Amino acid sequence: MQFIKVYEILKMAIKSLYENRVRTFLSVLGVVIGTSSIIAAVGLVQTVSSSFAKQVKESGVDSLVLFLSYLPEHQNDYYELSEYLWKHKDLVLTITPKKSLSFEVLSSDNNKKRCEILLVKPNYYITESLQLVEGRFLSYLDEDRNNKVAVVFDDQKDKLFGKGQQVLGKKLWIKGNEFEVVGVVKKKQRLANISIGSASDISILVPFNVGESLFSSEISSQQFFIKCVSSEKNKEVQKIIEEFLTQKGFEKDDYSFIDGGEILQGVISVSYLLSALLGGVATVSLIVSGIGITNIILVSVTERTKEIGIRKAVGAKIRDIRFQFLVESSIISILGGIMGIVLGIVVVYAVIPNLMNDVQPTISTFWILLALGVSGFVGVFSGWAPAERAARLEPSIALRYE
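Just so we're clear, the structure is a prediction, and the values are computed from it rather than from any experiment.

Conventions and cut-offs
Residues numbered from 1 in each chain as written. Predicted model: local features only at pLDDT ≥ 70, side-chain atom pairs only at ≥ 80, totals over all residues. Heavy atoms only, no water. Helix = DSSP H or I, 4+ residues; strand = E, 2+ residues; numbered from the N terminus. Buried < 20%, exposed > 50% of the residue type's maximum accessible area, 1.4 Å probe, protein only. Contact = heavy atoms within 4.5 Å. Areas by Shrake-Rupley, 256 points an atom, 1.4 Å probe, with all protein chains shown as cover. Phe/Tyr/Trp six-rings, centres within 6.5 Å; stacked < 30°, edge-to-face > 60°. Patch = residues over 30% accessible without salt bridge, like charges linked within 9 Å, V, L, I, M, F, W, Y side chains within 5 Å. Salt bridge = Lys/Arg side-chain N within 4 Å of Asp/Glu carboxyl O. Core = buried A, V, L, I, M, F, W, Y, C linked by side-chain atoms within 4.5 Å. Polar contact = N/O pair within 3.5 Å; in protein donor to acceptor, adjacent residues only side chain to side chain. UniProt positions renumbered as here; feature names shortened; annotations may be inferred. Axes fitted to C-alpha atoms, helices over the stretch in contact; angles between N-to-C directions. Left-handed = near helix turned anticlockwise from the far one by under 90°. Nonpolar A, V, L, I, M, F, W, Y, C, P; charged D, E, K, R; others polar. Parallel < 35°, antiparallel > 145°, perpendicular 65-115°, else oblique.

A. Local environment of the overall build of the chain. When helices and strands are counted, the chain shows 13 helices and 10 strands. Each of the 402 residues in the chain was classed as buried or not, and the buried ones make up 46%. Counting only contacts in the chain whose residues sit at least 6 apart along the sequence, the fraction spanning at least 24 positions is 81%. With an accessible surface of roughly 20,400 Å², the chain has 59% of that area assigned to carbon and sulfur atoms.

What follows is the structure, given as structure tokens:
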């Protein structure tokens, strides 16, 4: 019996909304815009954040990057630091150095350019996720034999040798020393390029030992990439390195660290914060749309005052009248919520990937359910006052209403 009553009320509510299609459509449209804004805004944040977090993980959450300032009286020795860290094999897997210098470089095509010379170890290409385009990368044999070889970047080679030139085997003169180009590499596309980067337009990679022997007297910035056994050990390894640097006479201002684990946690925290912030802003527009729902239900109550009086005169209870108008407002909000969610998902999965390269669209089920729940709440909240007004009408007054 109760089911039949609910069914009849639902049928009456749908009929009433259908008879006022234009007003209903406009109210639904407000909810659609509000709900789709929540999904699209949060989806954008989560897509960017998840892609960023993925890149950080690929770079290594279990990695530390140590930056050292140049101090003539404390020019650090890579081998000394390596030997110190290798005493803690239970914490450290590997250490890779990088020194950066700036020189005028002359190519065999008579192009002279200001370049950044990077002194690196052969495992550097793994640390930086470099891809070999042609030729080969630097090897330990180059260091053992003191080979003056160099590797250039695919997107920079034309600046050194001219457009479309074959660069393998070509010569570069760096501070009077002749180097042969043996390889071309490219960087993987990243949202977060943590450690590769230069103030110079052109970077050239040379063997670490060779560069040290030739340019040891030059001022250089130093970086060390330390891979730990796990991200939980990052802080412990950082403390060990700080002890070493203190013993060498370095002050706190002379060095800094980038912790891969901290970056990932920061990305996650910012993602939550931005999702909540943008979701909250979009929710305001959804709440504003509730004003439209309130308006349409108030108009409906006014137009159907006599009908309400007749229903109450023949025995309809207060809760039945209230329930009918709450059903109408809920239908508007839930229908708009479902349509808004579909539209928001379309934006996240169809539009965002076309605007941003190399991202995987993401939107959590939590936010979809939350958006639907908020739209449903807005419907009930917006329709409560008009529904209560309709339920409290006196039958005698309602029957005389024209």
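The rest of the description comes next.
B. Examining the packing of aromatic side chains more closely. One pass over the structure, following the stated rule, counts 6 aromatic pairs. Taking the centre distance of 5.1 Å and the plane angle of 50 degrees together, the rings of F103 and F215 count as tilted. Placement of the pair is F103 in strand β2 (residues 92-107) and F215 in helix α7 (residues 208-215), with a sequence separation of 112 residues. F215 sits in the buried class, given a relative accessible area of 3%. Relative to F381, the ring of F377 lies with its centre 5.8 Å away and its plane at 20 degrees, an arrangement referred to as stacked. Of this pair, F377 and F381 both sit in helix α12 (residues 365-391), 4 residues apart, roughly one helical turn. For the pair formed by F377 and F381, the shared burial category is exposed.

C. Main features of a nonpolar patch on the surface. Side chains of V22, F25, L26, L29 and I33 sit close together on the surface and give an oily, nonpolar patch of about 500 Å² of accessible area. Looking at the element boundaries, I33 is found in helix α2 (residues 21-59). On the accessibility criterion, I33 (47% relative accessible area) is partly exposed.

D. Representation of the nonpolar core within the structure. Core analysis: the largest hydrophobic core is formed by 30 residues, its most contacted members being I38, I321 and F325. F325 has contacts with I297, S300, V301, R304, I308, A387 and A390, leaving out every residue within four places of it along the chain. Judged by nonpolar contacts, the second largest core, of 22 residues, contains L101, L160, F161 and I204.

E. Representation of the side chain of E143 within the structure. Tracing the chain through its elements places E143 in helix α5 (residues 140-144). A polar contact is formed between the side chain of E143 and the backbone nitrogen of N209, at a distance of 3.3 Å. Not counting the four nearest positions on each side in its chain, E143 is found in contact with V120, K121, P122, P207, F208 and N209.

F. Representation of the pattern of salt bridges. On inspection of all chains with the given rule, the structure shows 9 salt bridges. With a closest N to O distance of 3.1 Å, K121 and E143 form a salt bridge. Of the two residues, K121 sits in the loop between β3 (112-120) and α4 (124-127) while E143 sits in helix α5, which places them 22 residues apart along the sequence. Here K121 matches E143 in class, with each residue buried. Residues K171 and E180 are paired through a salt bridge, measuring 3.8 Å at the closest nitrogen-oxygen approach. Here K171 falls in the partly exposed class, since its relative accessible area comes to 25%. By relative accessible area, which is 32% here, E180 ends up partly exposed. One salt-bridge network, held together by shared partners, links E134, D154 and K157.

G. Geometry of the UniProt feature "transmembrane region" (unreviewed entry) in the chain. Mapped onto this numbering, the UniProt entry gives "transmembrane region" (unreviewed entry) at residues 21-45, 272-302, 323-352 and 364-385. A distance of 45 Å separates the end C-alpha atoms of residues 272-302, which is 100% helix and 0% strand.

H. Spatial organisation of the environment of L17. Among the structural elements, L17 can be located in helix α1 (residues 2-19). For the pair L17 and E328, spaced 311 residues apart in sequence, the C-alpha separation works out to 7.2 Å. Look past the residues within four positions of L17 in its chain and what remains in contact with it is T24, E328, I331 and I332.

I. Spatial organisation of the packing of helix α10 (residues 305-313) against helix α11 (residues 318-355). With their axes 10 Å apart at the nearest point, α10 and α11 run at an angle of 145 degrees to one another. Like other packed secondary-structure pairs, α10 and α11 cross with a definite hand, here right-handed. Each of E307, I308, R311 and K312 in α10 lies in contact with α11, whose residues at this interface are I318, I321, Q324 and F325. Taken together, the residues that form the contact of α10 with α11 break down as 4 nonpolar, 1 polar and 3 charged.

J. Quick look at unusual backbone geometry. Even without being glycine, N146 reaches a positive phi, approximately 60 degrees. With respect to the helices and strands, the residue N146 is situated in the loop between α5 and β5 (149-153). Its relative accessible area of 41% is what places N146 among the partly exposed residues.

K. Main features of the packing of α11 against α12. Two elements in contact, α11 and α12, have axes whose closest approach is 7 Å; the angle formed by their N-to-C orientations is 155 degrees. The orientation of α11 relative to α12 falls into the category roughly antiparallel. The crossing of α11 and α12 is right-handed. Partitioning the contact of α11 with α12 into residue classes produces 16 nonpolar, 8 polar and 2 charged.

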